[in-house]
Amino acid sequence: MAENRKKTGGQTYAIAFCSLMAALGAALMMTGGMIPVMTYCSPLLAGVLLIPVLREYGSKWAWLVWIVTAVLSMILSADKEAAFFYLFLGCYPIVKQYLDRVKPAALSLLLKLLYFAAALGLMYGLICFVFRLDIGMDELEELGRFAAAAFYLLMVLTMLIYDAALRNLAILYEYRLRPHLRFPK
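Procedures and definitions
Residues numbered from 1 in each chain as written. Predicted model: local features only at pLDDT ≥ 70, side-chain atom pairs only at ≥ 80, totals over all residues. Heavy atoms only, no water. Helix = DSSP H or I, 4+ residues; strand = E, 2+ residues; numbered from the N terminus. Contact = heavy atoms within 4.5 Å. Areas by Shrake-Rupley, 256 points an atom, 1.4 Å probe, with all protein chains shown as cover. 1 Å grid on protein atoms, 1.4 Å probe; cavity = no way out; pocket = protein on both sides within 12 Å on 5 of 7 lines; lining within 4 Å. Points joined across faces, edges and corners; volume = space filled by probe spheres on them. Nonpolar A, V, L, I, M, F, W, Y, C, P; charged D, E, K, R; others polar. Expected span 1.5 Å × (residues − 1). Buried < 20%, exposed > 50% of the residue type's maximum accessible area, 1.4 Å probe, protein only. Axes fitted to C-alpha atoms, helices over the stretch in contact; angles between N-to-C directions. Parallel < 35°, antiparallel > 145°, perpendicular 65-115°, else oblique. Left-handed = near helix turned anticlockwise from the far one by under 90°. Core = buried A, V, L, I, M, F, W, Y, C linked by side-chain atoms within 4.5 Å. pLDDT = per-residue confidence, 0-100. Salt bridge = Lys/Arg side-chain N within 4 Å of Asp/Glu carboxyl O. Phe/Tyr/Trp six-rings, centres within 6.5 Å; stacked < 30°, edge-to-face > 60°.

Observations regarding the overall build of the chain
Moving on, step 1. Of regular secondary structure, the chain possesses 9 helices and 0 strands.
Moving on, step 2. Taken from N to C terminus, the helices and strands of the chain fall in the order α-α-α-α-α-α-α-α-α.
Moving on, step 3. In the chain, the proportion of contacts linking residues at least 24 apart, taken out of those at least 6 apart, comes to 71%.
Moving on, step 4. Carbon and sulfur atoms provide 70% of the accessible area of the chain, an area that totals close to 10,900 Å².

Below, the structure is given as structure tokens:
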């Protein structure tokens, strides 16, 4: 009976912790509508919140947190571009753990680049051609295809920097923050 209660207590804590991370992620996503630069920063910061969920409760819980945050962002966020950005790239901390296992490292990097390029292409394709959202692409069209291609390449480069930052943040969480937290087993 005590073992059953302990398991239920751990499950309850997992639900509460993951709900808190999803709510915090959704709150971060709301800043995209208030502060213009947060359109691209808020989805990446919300994705960072998946690191403790992944470490403490695994991929299944992290996917659930990502789904809840994405749905809340699509419904509540004023900045739909940021919501789409999170929908397509917010799950990267979860996907990263699988891509990091690929050997050799050059193949892993190539797969990451392909993932970023495909996700960004699909995201902007849906935003511009299916949903017809006005997200400022008119300015890029006025500058020409070169500017649109440069913007796309800079976004992929930004995601590579984000990949390196996630690695460092996971190490920071593991060795600096996690020892001070008490998660039930």
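Next comes the rest of the account.
Some points on unusual backbone geometry
Moving on, step 1. Along the chain, K103 connects to P104 via a cis peptide bond; the corresponding omega equals 0 degrees.
Moving on, step 2. Inspection of the secondary structure puts P104 in the loop between α6 (92–99) and α7 (105–130).

Here's the deal with the layout of surface pockets
Moving on, step 1. Its boundaries defined by the atoms lining it, the second largest pocket holds a volume of some 270 Å³.
Moving on, step 2. Residue assignment for the lining of the second largest pocket shows that the elements contributing at least two residues are α3 (50–57), α6 and α9 (145–177).
Moving on, step 3. The biggest single contributor to the lining of the second largest pocket is α9, with 6 residues.
Moving on, step 4. For the lining of the second largest pocket, a count of residues per class yields 7 nonpolar, 1 polar and 5 charged.

A word on α9
Moving on, step 1. Between the first and last C-alpha of α9 there are 45 Å, a value that for 33 residues agrees with the 48 Å anticipated at 1.5 Å per step.
Moving on, step 2. Among the residues of α9, A147, M155, V156, M159, Y162, D163, L166 and Y173 are the ones counted as buried.

Comments concerning the environment of F17
Moving on, step 1. Take F17: it is sitting in helix α1 (residues 2–34).
Moving on, step 2. Residue class for F17 comes out buried when judged on its relative accessible area of 13%.
Moving on, step 3. The residues contacting F17, other than those within four sequence positions of it, are P52, V53, Y57 and F183.

Side note on the packing of helix α2 (residues 38–48) against α9
Moving on, step 1. Contact geometry of α2 with α9 gives a least axis separation of 11 Å together with a crossing angle of 30 degrees. Here α2 lies roughly parallel to α9, going by the angle between them. Here α2 runs over α9; the crossing is right-handed. Between α2 and α9, the residues in contact are Y40, L44, G47 and V48 and F151, M155, M159, Y162, L166 and L169, respectively.
Moving on, step 2. Class assignment for the residues of the contact of α2 with α9 results in 9 nonpolar, 1 polar and no charged.

A short note on the nonpolar core
Moving on, step 1. Core analysis: the largest hydrophobic core is formed by 44 residues, its most contacted members being V53, F85, L89, L120 and M123.
Moving on, step 2. Taken together, the elements giving at least two residues each to this core come down to α1, α2, α3, α4 (59–76), α5 (80–89), α6, α7 and α9.
Moving on, step 3. Broken down by element, this core gets its largest block of residues, 7 residues, from α7.
Moving on, step 4. Ignoring anything within four residues of it in the chain, the contact list for V53 reads F17, C18, M21, G58, W61, A62 and V65.

Regarding the confidence of the model for the chain
Any region with low pLDDT has predicted coordinates that should not be read closely.
Moving on, step 1. Looking at the chain as a whole, the pLDDT averages 88, with 89% of positions reaching at least 70.
Moving on, step 2. Per-element confidence in the chain is highest for α4, whose mean pLDDT is 97, and lowest for helix α8 (residues 137–143), whose mean pLDDT is 61.

Focus: the pattern of salt bridges
Moving on, step 1. One pass over the full model with this rule turns up 7 salt bridges.
Moving on, step 2. In this structure, D163 engages K96 in a salt bridge whose closest nitrogen and oxygen atoms are separated by 3.0 Å. Residue D163 is found in helix α9, and its partner K96 is found in helix α6; the two are separated by 67 residues along the sequence.
Moving on, step 3. Note that D100 is salt-bridged to K112, the shortest N-O span being 2.6 Å.

Here's the deal with the packing of aromatic side chains
Moving on, step 1. Taken as a whole and assessed by the stated rule, the structure comprises 10 aromatic pairs.
Moving on, step 2. On the numbers, 6.0 Å between centres and 50 degrees between planes, the contact of F17 with Y57 is tilted. Here F17, found in helix α1, pairs with Y57, found in helix α3; they are 40 residues apart in sequence, far enough to count as distant. Here F17 and Y57 have matching classes, each one buried.
Moving on, step 3. With a centroid separation of 6.4 Å and 45 degrees between ring planes, the pair formed by Y92 and Y162 is classed as tilted. Here Y162 lies in helix α9 and Y92 lies in helix α6, a separation of 70 residues in the sequence. Take Y92 and Y162: they sit in the same class, and that class is buried.
Moving on, step 4. Taken together, Y40, F85, Y124 and F151 form an aromatic cluster joined through their ring pairs.

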